[in-house]
Amino acid sequence: MTTKTLHRPAVPWSRIAAFLAVTFSGIWAAGAAAWFNGGDLHGDAAAPILMIAMYTPTLGVLVTAALTGELRRPRDLLKQTGVLPSRSLPGVAGYSAVGLLLPPLLALAALGVSSAAGGFAFHDPLPLGGLASMLASQLLIFPLGMVLTFGEEFGWSYLLPKLLPLGLWRGLLISGVIWGVFHTPFTLQGYHYPGLPGGLAVLAFTTASVLLGALLGWLRLAAGSIWPAVAAHAAANLIASAFPAILGRPVNVADAAFHASLSGWPGWLVMAILLAVLVVTGQFRKLAV
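No experiment lies behind these values; they were computed from the predicted model shown.

J.: Lay out the overall build of the chain in plain terms, naming residues and giving numbers.
T.: Counting secondary structure elements, the chain contains 14 helices and 2 strands. Taken against the 2.2 N^0.38 rule, which gives 19 Å for 289 residues, the C-alpha radius of gyration of the chain at 19 Å falls within 12% of a compact globule. Dimensions of the chain, computed from C-alpha atoms along their principal axes, come out at roughly 70 × 45 × 35 Å. In the form shown here, the chain has an accessible surface area of approximately 13700 Å², with 70% of it arising from carbon and sulfur atoms. With 14 positive and 8 negative side-chain charges, the chain shows a separation of 23 Å between the mean positions of the two kinds.

Put into structure tokens, the structure is as follows:
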């Protein structure tokens with residue numbers, strides 16, 4: 001009787017290196033443009049720069065795929081990145097709905113944790129009219145939000161499968177760290193945590209990216225499609241981030257993002273709890289990797 005030994009495929013380090021070189025060169029160029037533009041990352045003038053920045057991972061994919069010949073097989077590339085789903089459309093639609101709802105629900109839970117810790121004060125009564133108006137306006141521009149988040153997720157959905165030979169959790173951890181560090185040129189300019197020193201801000205955002213990235217990775221792999229992760233990323237950017245200003249006020253305004261948001265420590269806690277629930281219920285064991 002012959003015993004067959006199964007080997008994991010090798011990690012394509014040269015392709016990963018090429019992808020990261022192009023992606024990070026692009027995001028640092030965008031960060032430099034924002035700095036030379038005056039560093040006002042929340043003004044109208046910064047919007048085109050931020051939009052371009054979100055497509056630097058896509059640029060990384062296209063350049064790498066052109067150099068390696070993957071671009072000559074576009075259908076294979078689209079399947080590999082999940083643009084063309086590998087599973088049924090109803091399943092993709094179901095996970096996309098989960099992706100849409102998950103960040104807002106986690107953001108609400110994070111505000112609850114922050115409130116219990118004395119970091120956030122909910123309005124009394126809650127401004128339900130303002131909340132409904134915000135949700136309606138954000139859902140109207142949600143397709144545009146997905147177009148923008150696709151620019152990032154296409155890159156991460158190219159990267160993650162190439163890291164999976166290292167093991168699922170190592171792949172998720174490394175891709176999450178890369179996602180967080182990717183934002184460094186803007187994080188250092190105060191985009192995510194204006195009240196934190198630059199180095200701590202990068203560390204904080206990388207922590208949030210690892211946790212949220214693991215959830216997006218679960219959606220991506222469970223659905224066999226990029227679209228649930230795109231929807232979840234857009235929901236985090238457009239809806240979850242808007243809750244604090246609508247529902248109440250942070251107690252410490254200077255460190256509001258760190259103490260009262262999904263990307264702050266309360267968000268880390270609720271995301272870690274959800275990940276633990278998914279692990280205990282076997283959701284990660286079901287992933288096809």
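Don't stop here, the text continues.
J.: Describe the side chain of Ser114, with residues and values.
T.: Within the secondary structure layout, Ser114 lies in helix H5 (residues 89-116). Contact partners of Ser114, with chain neighbours within four places excluded, come to Gly119, Phe120, His259, Ala260 and Pro266.

J.: I'd like a description of the packing of aromatic side chains, backed by residues and values.
T.: For any two aromatic rings, the description comes down to two numbers: the centre-to-centre distance and the angle of the planes. Inspection of the entire model under this criterion finds 12 aromatic pairs. Plain terms: the ring middles of Phe19 and Tyr158 are 5.7 Å apart, the flat faces sit at 50° to each other, and that makes the pair tilted. In this pair, Phe19 is assigned in helix H1 (residues 13-36) and Tyr158 in helix H7 (residues 142-163), connecting sequence segments 139 residues apart. For the pair Phe19 and Tyr158, one class covers both residues: buried. Through pairs of rings, three or more aromatic residues link up here, namely Phe19, Phe24, Trp156, Tyr158 and Phe182. The cationic tip of Lys162 hangs over the ring face of Tyr158; the distance from NZ or CZ to the ring centre is 3.9 Å.

J.: Quick one: what's the story with the pattern of salt bridges, residue by residue and with numbers?
T.: Applying the stated criterion across every chain, the model contains 3 salt bridges. Taking the shortest distance from any N to any O, the salt bridge between Arg15 and Glu70 comes out at 3.1 Å. You can see Arg15 sitting in helix H1 and its partner Glu70 sitting in the loop between helix H3 (56-68) and helix H4 (74-80), a full 55 residues away along the chain. Under the relative-accessibility criterion, Arg15 is labelled partly exposed at 27%. A salt bridge links Lys162 to Glu70; the shortest N-O distance between them is 3.4 Å.

J.: Got a sec to walk through empty space enclosed by the protein? Specific residues and values, please.
T.: Think of a ball as big as a water molecule: rolled over the atoms, this probe shows where empty space is left. According to the stated counting rule, one finds 2 cavities of 30 Å³ or more in the structure shown. When its volume is computed, the largest cavity comes out at roughly 180 Å³. Every residue lining the largest cavity is counted, 15 residues in all, and those nearest its centre are Glu153, Trp156, Leu160, Gly213 and Gly217. Contributions of two or more residues to the lining of the largest cavity are made by H7, helix H8 (168-182) and helix H10 (198-223). When the residues that make up the lining of the largest cavity are grouped by side-chain class, the tally is 7 nonpolar, 6 polar and 2 charged. Approximately 40 Å³ is the volume attributed to the second largest cavity. If you trace the second largest cavity, you find it lined by Leu102, Pro103, Leu106, Leu212, Leu215, Leu216, Leu219 and Ala232. Elements with a minimum of two residues in the lining of the second largest cavity: H5 and H10. With 4 residues, the single largest contributor to the lining of the second largest cavity is H10.

J.: Requested: an account of H3, with residues and values cited.
T.: Taking 1.5 Å of rise per residue, 13 residues should cover 18 Å, and H3 covers 18 Å from first to last C-alpha, within 8% of that figure. Buried within H3 are the following residues: Thr56, Pro57, Thr58, Gly60, Val61, Thr64 and Ala65. Positive backbone phi, approximately 90°, marks Gly69, located one or two places after H3.

Reading the values: rules and limits
Numbers given to residues run from 1 along each chain, matching the order in which its sequence is written. Where local features are concerned, this predicted model is filtered to residues with pLDDT of at least 70; where side-chain atom pairs are given and counted, the filter is 80 or more; whole-chain, interface and lining totals use all residues. Only heavy atoms go into the side-chain values, all of them from the structure, while hydrogens and water stay out. Put simply, DSSP H or I for four residues or longer makes a helix, DSSP E for two residues or longer makes a strand, and each gets a number counted from the N terminus. Atoms counted for the radius of gyration: C-alpha only. Globule rule: 2.2 Å times the number of residues to the power 0.38. In this description, accessible areas are obtained by the Shrake-Rupley approach with a 1.4 Å probe, and a residue is regarded as covered only by the protein chains that are shown. Here the positive residues are Lys and Arg and the negative ones are Asp and Glu; neither His nor the chain ends is included. Here the site of a charge means atom NZ of a Lys, CZ of an Arg, CG of an Asp or CD of a Glu. Contacts are assigned to residue pairs with any non-hydrogen atoms lying within 4.5 Å of each other. Under the pairing criterion, centres of Phe, Tyr and Trp rings, with the six-membered ring standing for Trp, must be within 6.5 Å; the plane angle then separates stacked pairs below 30 degrees from edge-to-face pairs above 60, leaving the rest tilted. Each residue's exposure class comes from its accessible area (1.4 Å probe, protein chains only) as a fraction of the maximum for that residue type: buried when under 20%, exposed when over 50%, partly exposed otherwise. Throughout this description, the term charge over a ring refers to an Arg CZ or Lys NZ atom that lies within 6 Å of the ring centre and within 35 degrees of the ring normal. Salt bridges are counted wherever a side-chain nitrogen of Lys or Arg sits within 4 Å of a carboxyl oxygen of Asp or Glu. Computed over the protein atoms alone on a 1 Å grid, cavities are sets of points where a 1.4 Å probe fits but cannot get out and pockets are open sets with protein on both sides within 12 Å along at least five of seven lines; a residue lines them when it has an atom within 4 Å of a point. Grid points are joined across faces, edges and corners, and a volume is the space filled by probe spheres set on the points. Lys, Arg, Asp and Glu make up the charged group, whereas Ala, Val, Leu, Ile, Met, Phe, Trp, Tyr, Cys and Pro make up the nonpolar group; the residues left over, Gly among them, are polar. Here the expected span of a helix is defined as 1.5 Å times the quantity of residues minus one.

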